[in-house]
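The primary structure of each chain is shown beneath.
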Amino acid sequence: MGERSRRRIREVASALMAERGYVGTSVSAVAKRSRLPASSLYWHFGSKQGLLAAVAAEGGAQWLQLIPEWEDLTGSVLERLEKMLREISRQLSGRRDLIKLLLTLYIERDRIDQASVRTIRGVRRAALAKFQPAMKALIESLGGASNQFFIDELSNFALSFANGCFMDHEVDPEATNLTRRFDQLLPAVVAVAKAYVDRPSISARKLKKKLKYMSSK
């Protein structure tokens, strides 16, 4: 019974925070929607901040599960990368509540406790780590040498693009087709990777400029 109540409170708080943000989610609102007394929240989580930490950790773990493992994909490097991006697009469409929660909490990071901010940032870094093997394989398939800076930059580009597409979709769903946008991401990432391979001495400033240009296309 105790674990069921804990899960119910966390699920309700997650939904409310996605709708209203952390600041707009009160203990009384969580109690009312969960149909559990406020004392249950304090019993299980200690405080509203403790509840936020649990929500952020659980949401982050679920988000990471949505990103395919590079080693589990089959085919050529481009085929595997295409499958990876399409699966992320499909998952984003199906788990809008989860992604909206994490982005909302990150936007409000200056108004929440630092422990939860660190959790959210840690989730983002873990997501980047799941992109890195794909970007390393892409660079090597084009004849380039593995360079951690460029692997990191390409991974950041792909993740930032994904987050941006989701935000655009939330603002104007009819104008932003997630599948089409992610289909556009593949050639964009390949183009940036080729620019590095063709000119391995390309400066960090020039690469960032190219990444910014590609993300605006």
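For every chain, the first residue of the written sequence is number 1, and numbering continues from 1 onward in sequence order. Where totals are concerned, whole chains, interfaces and linings use all residues; where local detail is concerned, this predicted model gives features only for residues with pLDDT of at least 70, and gives and counts side-chain atom pairs only at 80 or more. Side-chain measures were taken over the full set of non-hydrogen atoms in the model, leaving aside hydrogen atoms and water.

### Details of helix α6 (residues 96–107)
Counting from the N terminus, the helices are DSSP H or I runs at least four residues long and the strands are E runs at least two residues long. Each helix should span, by expectation, one fewer than its residue count multiplied by 1.5 Å. In this model α6 runs 16 Å from its N-terminal to its C-terminal C-alpha over 12 residues, within 8% of the 16 Å that 1.5 Å per residue would give. Burial here depends on accessible area, computed with a 1.4 Å probe over protein chains only, as a share of the maximum for the residue type. Under 20% is buried, over 50% is exposed, and the range in between is partly exposed. Inspection of α6 places L98, I99, L101, L102, L103, T104 and L105 among the buried residues, and these make up the whole buried set. Contacts were defined at the residue level, with two residues in contact if any of their heavy atoms lie within 4.5 Å. For α6, the secondary structure elements touched by its buried residues are α1 (2–20), α4 (48–66), α5 (77–94), α7 (114–141) and α8 (148–171).

### Here's the deal with the pattern of salt bridges
Salt bridge, as used here, is a side-chain nitrogen of Lys or Arg placed within 4 Å of a carboxyl oxygen of Asp or Glu. Across all of its chains, the model carries 6 salt bridges by this definition. Measuring nitrogen to oxygen at the nearest pair gives 3.1 Å for the salt bridge that ties R33 to E19. With R33 in helix α2 (residues 27–34) and E19 in helix α1, this residue pair connects regions lying 14 residues apart in the sequence. Ionic pairing is found between R86 and D183, a salt bridge with its closest N-O pair at 3.2 Å. Remark: D183 occurs in helix α9 (residues 178–198) and R86 occurs in helix α5; sequence separation between them is 97 residues. By relative accessible area, R86 is classed as partly exposed at 44%.

### What to know about the nonpolar core
The biggest cluster of nonpolar side chains holds 46 residues, and the ones touching the most others in it are W63, L81, M84, F131 and F182. For this core, the secondary-structure elements that each account for two or more residues are α4, α5, α6, α7, α8 and α9. When residues of this core are assigned to their parent elements, the largest contribution, 11 residues, is made by α9. In this structure, V12, M17, A29 and I112 belong to the second largest nonpolar core, which totals 23 residues. Among buried residues, those of type Ala, Val, Leu, Ile, Met, Phe, Trp, Tyr and Cys that are joined through side-chain atoms within 4.5 Å constitute a nonpolar core.

### Topic: the environment of A53
The residue A53 is located in helix α4 in this model. A sequence separation of 34 residues divides A53 from E87, and the C-alpha atoms of the two residues are 28 Å apart.

### Topic: the packing of α2 against helix α3 (residues 38–45)
All axes are obtained by fitting lines to C-alpha atoms, using only the stretch in contact for helices, and the reported angles, taken between N-to-C directions, cover 0 to 180 degrees. Close contact between α2 and α3 brings their axes to 8 Å; oriented N to C, the two are set at 105°. In terms of their interaxial angle, α2 and α3 are classed as roughly perpendicular. Residues V27, V30 and A31 of α2 pack against A38, L41 and Y42 of α3. Lys, Arg, Asp and Glu make up the charged group, whereas Ala, Val, Leu, Ile, Met, Phe, Trp, Tyr, Cys and Pro make up the nonpolar group; the residues left over, Gly among them, are polar. Across the contact of α2 with α3, the residue classes break down as 6 nonpolar, no polar and no charged. Relative orientations are named as follows: roughly parallel for angles under 35 degrees, roughly antiparallel for angles over 145 degrees, roughly perpendicular for angles from 65 to 115 degrees, and oblique for any other angle.

### Thoughts on unusual backbone geometry
Residue R35 is not a glycine yet carries a positive backbone phi of 60°. Counting through the fold element by element, R35 comes out in the loop between α2 and α3. Looking at R35, the relative accessible area reads 77%, which means it is exposed.

Remember, this is a structural readout, not a statement about activity or role.
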